[in-house]
Amino acid sequence: MSILKRKIQEFEDMLSASEVDAYQLRRLCFNGIPDEGSLRPLCWKLLLNYIPYTREKWDETLARKRELYKSFIDDLIVIPGESNLETGRVDVTTDDHPLNLDPDSKWQTFFKDNEVLLQIDKDVRRLCPDISFFQQGSEYPCEAIVHSNGQKRLHQRVHHTVLKSASVERKGLGVTKIAVSARKAAEDYAPLEGGEAHWEVLERILFLYAKLNPGQGYVQGMNEIVGPIYYAFACDPDQKWREHAEADTFFCFTNLMAEIRDFFIKSLDEAEFGINAMMSKLMQEVKSSCYEIWMRLNQQELCPQYYSFRWLTLLLSQEFPLPDVMRIWDSLFSDENRFDFLIHICCAMILLCKDQILSGDFAANVKLLQNFPSTDVQIVLTKAAELADRSSL
């Protein structure tokens, strides 16, 4: 039996048990989940606490969560004047209407939602341009949306003439720049007639997430977090899992955001688990691992905010091709101190660029770290594991 087949068999034996062993799951996943079969989608659902480790509870949990997601679509995608669609008339003396200033007005909710939708629509139309997947049609479009005569199609509510003036604030102060990257599509993805493209599904997931989390809302860059999760689930070879990729992605994304939401809230930047604390930990590890590199970056005043802000906030989703991102996330999701391991990965990336950093000037090093060179991801992860082992001593 080959090494790969033996590894797959080990995963299958572990996942088929009546009670999945959490320690064994994390151990296996940390070293990479095979791409074959439904292993990664199922393991991620377990690691992100979407389904319980007790196998007999899966069906009940999934049915309940998927039904709940359907109710979110029905209740939260507001259609103003819905009660008057048949007559086409609105009685402004008794009915809701666009000029109604009542905060409980459906029209007021509609207009407020559209402000958030502007940025979501812009971001998902350009997600992962290096692959065609998100432009393609979903095999399982949402029937309630597709057959609503366009009333619930979110992308139709966006007027692109105002996109240039739109911005999304991180709750607190200022505007985020975390998703600035060269990885942008030359043109926006177009909607599909009679169906839904995958980017439209992601638009709905992010819109509903923003509606259900008003204290945080949508922040630019969340599209980069939800994209790989949805891709894994929507490409599941098992049809009975693939059919519910949208709902399953929503809850896994929500659970993951509960862990990293501090990164997206500017007022918490200085908190113990805020993004500035993470960047400080990274530079401390660089200093202890290679003082020469740390000194070079320090002398050049090359602050970690210039490059590692995006690395840490977006879990490296913009620094590597999608297959490599998924491999990195296998390790991140399976590490009990998963964001400590994220620090180790980022430190490994810097250490692997030692020669270039020591010989480069400020401009060259900024460019190098903002556009991390193509590298075998396994080399990065092996180096990160070495750093993790050393820090545990």
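These figures come from a predicted structure and were not determined experimentally. (Residues numbered from 1 in each chain as written. Predicted model: local features only at pLDDT ≥ 70, side-chain atom pairs only at ≥ 80, totals over all residues. Heavy atoms only, no water.)

(A) Spotlight on the confidence of the model for the protein. Averaged over every residue, the pLDDT of the protein is 85; the share at 70 or more is 80%. Taken together, the stretch residues 83-94 has pLDDT below 50 and engages in eight contacts with residues farther than four places along the chain or on a different chain. Within the model, pLDDT remains below 50 along residues 171-182, and this stretch shows 36 contacts once partners closer than five positions in the same chain are excluded. (pLDDT = per-residue confidence, 0-100. Contact = heavy atoms within 4.5 Å.)

(B) Spotlight on helix α3 (residues 39-47). For α3, a buried count of nine out of nine residues is recorded, marking the element as mostly surrounded by other parts of the structure. When we look at burial in α3, the residues that qualify are Leu 39, Arg 40, Pro 41, Leu 42, Cys 43, Trp 44, Lys 45, Leu 46 and Leu 47. Immediately beyond the C-terminal end of α3, within one or two residues, lies Asn 49, with a positive phi of roughly 60°. (Buried < 20%, exposed > 50% of the residue type's maximum accessible area, 1.4 Å probe, protein only. Helix = DSSP H or I, 4+ residues; strand = E, 2+ residues; numbered from the N terminus.)

(C) Here's a closer look at the packing of aromatic side chains. Scanning all chains against the criterion turns up 19 aromatic pairs. Aromatic pair Trp 44 and Trp 329: ring centres 6.1 Å apart, planes at 40°, arrangement tilted. Here the residue Trp 44 occupies a position in helix α3, and Trp 329 occupies one in helix α14 (residues 322-334), the gap between them amounting to 285 residues. The exposure classification of Trp 44 matches that of Trp 329, with both residues buried. For the pair Tyr 69 and Phe 250, a centre-to-centre distance of 5.2 Å together with 50° between the ring planes defines the contact as tilted. Taken as a pair, Tyr 69 in helix α4 (residues 58-76) and Phe 250 in helix α10 (residues 245-260) lie far apart in primary sequence, 181 residues in all. Classification of Tyr 69 by relative accessible area gives buried; the value is 3%. Every member of this aromatic cluster is reached through a ring pair, and the members are Tyr 50, Tyr 69, Phe 72, Phe 250 and Phe 251. (Phe/Tyr/Trp six-rings, centres within 6.5 Å; stacked < 30°, edge-to-face > 60°.)

(D) Highlighting the nonpolar core. Membership of the largest hydrophobic core comes to 117 residues, with the highest contact counts inside it found for Trp 44, Trp 329, Ile 345 and Ile 350. Considering every element that reaches this core, the biggest residue donor is helix α15 (residues 338-351), with 11 residues. (Core = buried A, V, L, I, M, F, W, Y, C linked by side-chain atoms within 4.5 Å.)

(E) Representation of the pattern of salt bridges in the model. In this structure the tally under the stated criterion is 15 salt bridges. Here Arg 125 and Asp 121 are joined by a salt bridge, their closest N and O atoms 2.5 Å apart. Asp 121 sits in the buried class, given a relative accessible area of 0%. A salt bridge links Arg 204 to Glu 246; its shortest N-O distance comes to 2.7 Å. Residue Arg 204 is located in helix α7 (residues 198-212), and its partner Glu 246 is located in helix α10; the two are separated by 42 residues in the primary sequence. (Salt bridge = Lys/Arg side-chain N within 4 Å of Asp/Glu carboxyl O.)

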